[in-house]
Amino acid sequence: MDGPLSVADFVAIASGSRRLALSERVSAGIAAAQARMARCIKENRLVYGVTTGFGPLANAWIDGAHVEELQTNLIYHLATGVGAPLSWVEARGLMLSRLISMAQGHSGASNALVCLMVACLNAGLAAVVPEKGTVGASGDLTPSAHMALALMGEGAFLTRAGETRDSGEVLREIGLQPHRLAHRDGLALVNGTSAMTAIATLNQSRAERAADWAFRLTTAHAEILRGKAEAWAPAFGAFRPHRGQIEAHLRLNRLIEGSRRVDRQRAASLRLQSADFDAEGIQRREIAHQDPYTIRCAPQILGAVLDVLRFHRDIVTVEMNAATDNPLFDTDEPFALHGGNFYGQHIAFAADALSPAVVKLGILSERQLARLVDPAMNHGLPAFLQPYKTGLHSGFMGCQVTASALVAELRSQASPASIQSIPTNANNQDVVSMGTIAARKCRNALDELFRILAIQAMACAQAVDIETRQGEAGFSPDALSLRDFVRRSSRFLHHDRALGGEIETLASRMANPFEEEFLR
């Protein structure tokens, strides 16, 4: 590592597909910051959390002889997390995020601690970290303390296989010693936005993938129902030049290349003959010349999602590569700088902005699914996409109910977390960010979204197969590739069968950034 990381870099390291190494320049910067901090201690300067107590106890000055005890007690009193543990990749992201912050050369952490964290990441380890207990104010103190316990040999590690093991035993097995917290190592481990930043960065990658699926399912949906491509004309993006909408028009048109099923005729090219009108001067046609909004307004919906994704990406990329401690050490300052870079408001707002976009993708997917299975709206396809003994078999009826239930779950949990400030810490933290809760809520919403998208993908694959088997060819290469992707884990629905497991499997594959892409 020798420079800013991208979202893709972060995901690759956190997921264990790429090893990590620090450049000599980064190591030198870490050592320089530690030296500046050591000088402050030697000169009995005020350094919050090193020569003072913590939070409202900062009025207690601590003798330098007690630094290690102070740092250890910090971890002990903060290790109060509860609830389910972070996933393996999220917990690794937490450690990676804290490591990147230290690597900026302003934290005062020791090189020994940083090297231990690099070794643990490269060994495929993740600390066992309960996900609840942080308000995202002085950073993610509580989850980071559980990570610190693992590095001290007093907590637990989670292996990639999901096994929980004593951290001291694991460290010895890989030839490493548990870390003793010297100088500012304890505070450097906990005092920053690392948990919320890790979860939000992973959310960014998953949300981009979900948006990709939404584009591909929307075009497949339009092909199945012989939608009208006029509303996707790039001119609309030029007339209303939001970056996301411009991109959405281009992507939708690219995905339907090669399709003979979409209607590319311009409505204005139709000419009405007076003989076609009835006595009241009205001519009624079976099909309107404009599609419902699930097709017609797709560029506007998906384009807005792309713009929110861009905003979220910008925020997490900056935060990921930032120094988020307090205090910080600057080469141009002889003493420690005390401030609030640990405060997680940027991530809180960004996560709460992304969550409604995730919910909207779920709404769009469920509404497209509902139209596809309804014989009153699906242009001649069998009811609930069940072509054999319909009525004896119910096809995708239950799946559509599940999708509706998942949308209800998304909506019920959509209240923003970033406005839920609760004063704590004896009113020292009198306004807090709730950034980690916001990021977790967005992560949970993405879990549900991929299930909805999986149900829609299975229905689209069923419809493509029905049409193809009836001699209705003309699907785009992308629609056929989508069908083939689904068929690798979910076969054609000839007769009713339990589909819950297939939905979960397909949702997992669709969410996995390392799953094979169906469109190269």
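Our subject is the structure that appears above.
This is a predicted model, so every value here is computed, not measured.

Student: Quick question: what am I supposed to make of the overall build of the protein here?
Tutor: Counting its secondary structure elements, the protein contains 18 helices and seven strands. Residues classed as buried in the protein amount to 53% of the 520 residues present. Residue pairs in contact within the protein that sit at least 24 positions apart in sequence constitute 78% of those at least 6 positions apart. Accessible surface for the protein amounts to roughly 22100 Å². Of this, 54% is attributable to carbon and sulfur atoms.

Student: Can you walk me through the packing of helix α3 (residues 67–78) against helix α6 (residues 141–151) in this structure?
Tutor: Working note: a packed helix pair is described by the angle between its axes plus the distance between those axes. Running from N to C, α3 and α6 point in directions that differ by 120°, and their axes come no closer than 8 Å. The angle between the axes of α3 and α6 places the two elements in the oblique class. Between α3 and α6 lies a crossing of left-handed hand. Each of Ile75, Tyr76 and Leu78 in α3 lies in contact with α6, whose residues at this interface are Leu141, Thr142, Ala145, Ala148 and Leu149. Class assignment for the residues of the contact of α3 with α6 results in seven nonpolar, one polar and no charged.

Student: Which parts of the structure should I look at to understand the sheet that holds strand β5 (residues 164–166)?
Tutor: Hydrogen bonds between backbone groups are what pair the strands of a sheet, and the pairing can be parallel or antiparallel. Sheet architecture is open: three strands sit in the order β2-β4-β5, paired in antiparallel fashion. At either end of the open sheet lies a strand with only one pairing partner, and these are β2 (126–127) and β5.

Student: It is not clear to me how the packing of helix α9 (residues 194–224) against helix α17 (residues 477–487) should be interpreted in this structure. Could you clarify?
Tutor: Their axes nearest at 9 Å, the elements α9 and α17 cross at an angle of 110°. The pairing of α9 with α17 is recorded here as roughly perpendicular in orientation. The handedness of the crossing between α9 and α17 comes out as left-handed. Together, Trp213, Arg216, Leu217, Thr219 and Glu223 of α9 and Asp478, Ala479, Leu482 and Phe485 of α17 make up the contact between the two elements.

Student: How should I be thinking about the pattern of salt bridges in this particular structure?
Tutor: It is possible for side chains of opposite charge to pair when their charged atoms get near one another. Under the counting rule described, the total for this entry stands at 25 salt bridges. Taking the shortest distance from any N to any O, the salt bridge between arginine 261 and glutamate 467 comes out at 2.7 Å. With arginine 261 in the loop between α11 (243–255) and α12 (293–296) and glutamate 467 in helix α16 (residues 435–469), the pair connects residues that are 206 residues apart, well separated along the chain. The structure contains a network of salt bridges with shared partners spanning Asp212, Glu247, Arg251, Asp307 and Arg310.

Student: Explanation requested: the packing of aromatic side chains in the structure shown.
Tutor: Any two aromatic rings considered together are summarised by their centre-to-centre distance and by the angle between their planes. One pass over the full model with this rule turns up two aromatic pairs. Ring centres of tyrosine 48 and phenylalanine 54 lie 6.2 Å apart, and the angle between their planes is 85°; this geometry places the pair in the edge-to-face category. With respect to class, tyrosine 48 is no different from phenylalanine 54; both count as buried. With a centroid separation of 5.0 Å and an interplanar angle of 55°, the aromatic rings of tryptophan 213 and phenylalanine 485 are classed as tilted. Linking tryptophan 213 in helix α9 with phenylalanine 485 in helix α17, this pair joins segments that are 272 residues apart in sequence. Both residues of the pair, tryptophan 213 and phenylalanine 485, belong to the buried class. Sitting over the face of the ring of phenylalanine 215, arginine 251 holds its NZ or CZ atom 4.1 Å from the ring centroid. When the ring centre of phenylalanine 492 is taken as reference, the NZ or CZ atom of arginine 469 above it lies at 4.1 Å.

Student: Looking at this model, I keep getting lost on the environment of phenylalanine 54. Mind explaining?
Tutor: You can see phenylalanine 54 is positioned in the loop between α2 (24–42) and α3. Residue phenylalanine 54 is classed as buried on the basis of its relative accessible area of 15%. Here the alpha-carbon distance between phenylalanine 54 and leucine 74, two residues 20 residues apart in the chain, equals 8.1 Å. Phenylalanine 54 has contacts with Tyr48, Gly49, Leu70, Gln71, Leu74 and Leu187, leaving out every residue within four places of it along the chain.

About the cut-offs
- In this numbering scheme, every chain counts its residues from 1 along its sequence in written order.
- Whole-chain, interface and lining totals are the exception, using all residues; otherwise, since this is a predicted model, local features are given only for residues with pLDDT of at least 70 and side-chain atom pairs are given and counted only at 80 or more.
- With hydrogens and water excluded, all non-hydrogen atoms of the structure serve as input to the side-chain values.
- Secondary structure elements are taken from DSSP: a helix is a run of H or I of four residues or more, a strand is a run of E of two residues or more, and numbering for both begins at the N terminus.
- Think of it in three bands: residues with accessible area under 20% of the maximum for their type are buried, residues over 50% are exposed, and the middle band is partly exposed, with areas taken using a 1.4 Å probe on protein chains only.
- Residue contacts are defined here by distance: any two heavy atoms, one from each residue, within 4.5 Å place the two residues in contact.
- In this description, accessible areas are obtained by the Shrake-Rupley approach with a 1.4 Å probe, and a residue is regarded as covered only by the protein chains that are shown.
- Axes here mean lines fitted to C-alpha atoms, for a helix over just the part in contact, with angles spanning 0 to 180 degrees between N-to-C directions.
- Angle categories: roughly parallel below 35 degrees, roughly antiparallel above 145, roughly perpendicular from 65 to 115, and oblique for all the rest.
- In this scheme the crossing of two helices becomes right-handed for a clockwise turn of the near helix relative to the far one and left-handed for an anticlockwise turn of less than a right angle.
- For this classification, Asp, Glu, Lys and Arg are treated as charged, while Ala, Val, Leu, Ile, Met, Phe, Trp, Tyr, Cys and Pro are nonpolar and the rest, including Gly, are polar.
- The pairing criterion is simple: DSSP has to find at least two bridges between the two strands.
- Between Lys or Arg on one side and Asp or Glu on the other, a salt bridge is scored when a side-chain nitrogen of the former is within 4 Å of a carboxyl oxygen of the latter.
- For Phe, Tyr and Trp, rings pair up if their centres lie within 6.5 Å, where Trp contributes its six-membered ring, and each pair is then called stacked (planes under 30 degrees apart), edge-to-face (over 60) or tilted (otherwise).
- Two conditions define a charge sitting above a ring: the NZ of Lys or the CZ of Arg must be within 6 Å of the ring centre, and it must be within 35 degrees of the ring normal.

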